[in-house]
Amino acid sequence: MTPLLFISIVTLVLVILVYWILASLEKRQADDEPEGTRNNLKFETAQELFKFLDPQPVLEQDVLRLQANNEYIKLYWHISSETWDSTMEKFGLKVQRKNIIIRLYDSNLSIMDVPVNDIQGGQKVKTGKFQTSYAVLGIKVKEDFVPLFLSRSLE
């Protein structure tokens, strides 16, 4: 009978503690807080989080990025209309957007052309054993390739 009495007393003490905690929470009102403390919280981050930031951020309006997976590479590109038009004027080209390609290069300077047909989008390309190092977005004029935008190299 002693263990039963002990369990009953411990249970009673725990129930009283839970009741006391819940009762004290109900008494606390939002009006008790000083004015403006809820919305003006200060927050500090560790400096270690910032050492992985890109040291040269790319403007989101003009981007050519690569993301490599086993036998695939994901391409993301976005060139603003203003940049596209000014580049066409600068080089004196009057090429339609259907001639846009992304040329992939590997470490041996072998190439693989991927037609993209627009100044913005994304595409997943199966590269197989071709190990892409970097890419160049450009246009194909007859048999010539005119490079316009260079991606960062993959590491």
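Cut-offs applied
- Residues numbered from 1 in each chain as written.
- Predicted model: local features only at pLDDT ≥ 70, side-chain atom pairs only at ≥ 80, totals over all residues.
- Heavy atoms only, no water.
- Phe/Tyr/Trp six-rings, centres within 6.5 Å; stacked < 30°, edge-to-face > 60°.
- Helix = DSSP H or I, 4+ residues; strand = E, 2+ residues; numbered from the N terminus.
- Buried < 20%, exposed > 50% of the residue type's maximum accessible area, 1.4 Å probe, protein only.
- pLDDT = per-residue confidence, 0-100.
- Pairing = 2+ DSSP bridges.
- Axes fitted to C-alpha atoms, helices over the stretch in contact; angles between N-to-C directions.

Quick one: what's the story with the packing of aromatic side chains, residue by residue and with numbers?
On inspection of all chains with the given rule, the structure shows one aromatic pair. Summarising the aromatic geometry, the rings of tyrosine 105 and tyrosine 134 are spaced 5.0 Å apart at their centres and angled 15 degrees between planes, so their arrangement reads as stacked. Linking tyrosine 105 in strand S3 (residues 100-106) with tyrosine 134 in strand S6 (residues 132-141), this pair joins segments that are 29 residues apart in sequence. The exposure class of tyrosine 105 is buried, given its relative accessible area of 15%.

So, the confidence of the model for the protein: which residues are in play, and what are the values?
Do not read the predicted coordinates in detail wherever pLDDT is low. For the protein, the average pLDDT comes to 77, and 74% of its residues sit at 70 or higher. Of all the helices and strands in the protein, helix H2 (residues 81-91) carries the lowest mean pLDDT, 79, while helix H1 (residues 2-27) carries the highest, 89.

Requested: an account of unusual backbone geometry, with residues and values cited.
A positive phi angle, near 60 degrees, is found at leucine 109, a position not held by glycine. Topologically, leucine 109 is positioned in the loop between S3 and strand S4 (111-115).

Mind laying out the sheet that holds strand S2 (residues 72-78), listing which residues take part and the relevant values?
Taken together, three strands build an open sheet; the order of strands is S1-S2-S5 and the sheet is antiparallel. Edge strands, defined here as strands with exactly one partner in the open sheet, are strand S1 (63-69) and strand S5 (120-126). Neighbour to neighbour, the strand axes of the sheet diverge by 10 degrees on average, direction disregarded. Of the pairings in the sheet, the one linking S2 to S5 comprises seven bridges and is antiparallel in character. Its bridge partner lying in S5, tyrosine 72 is registered against lysine 126.

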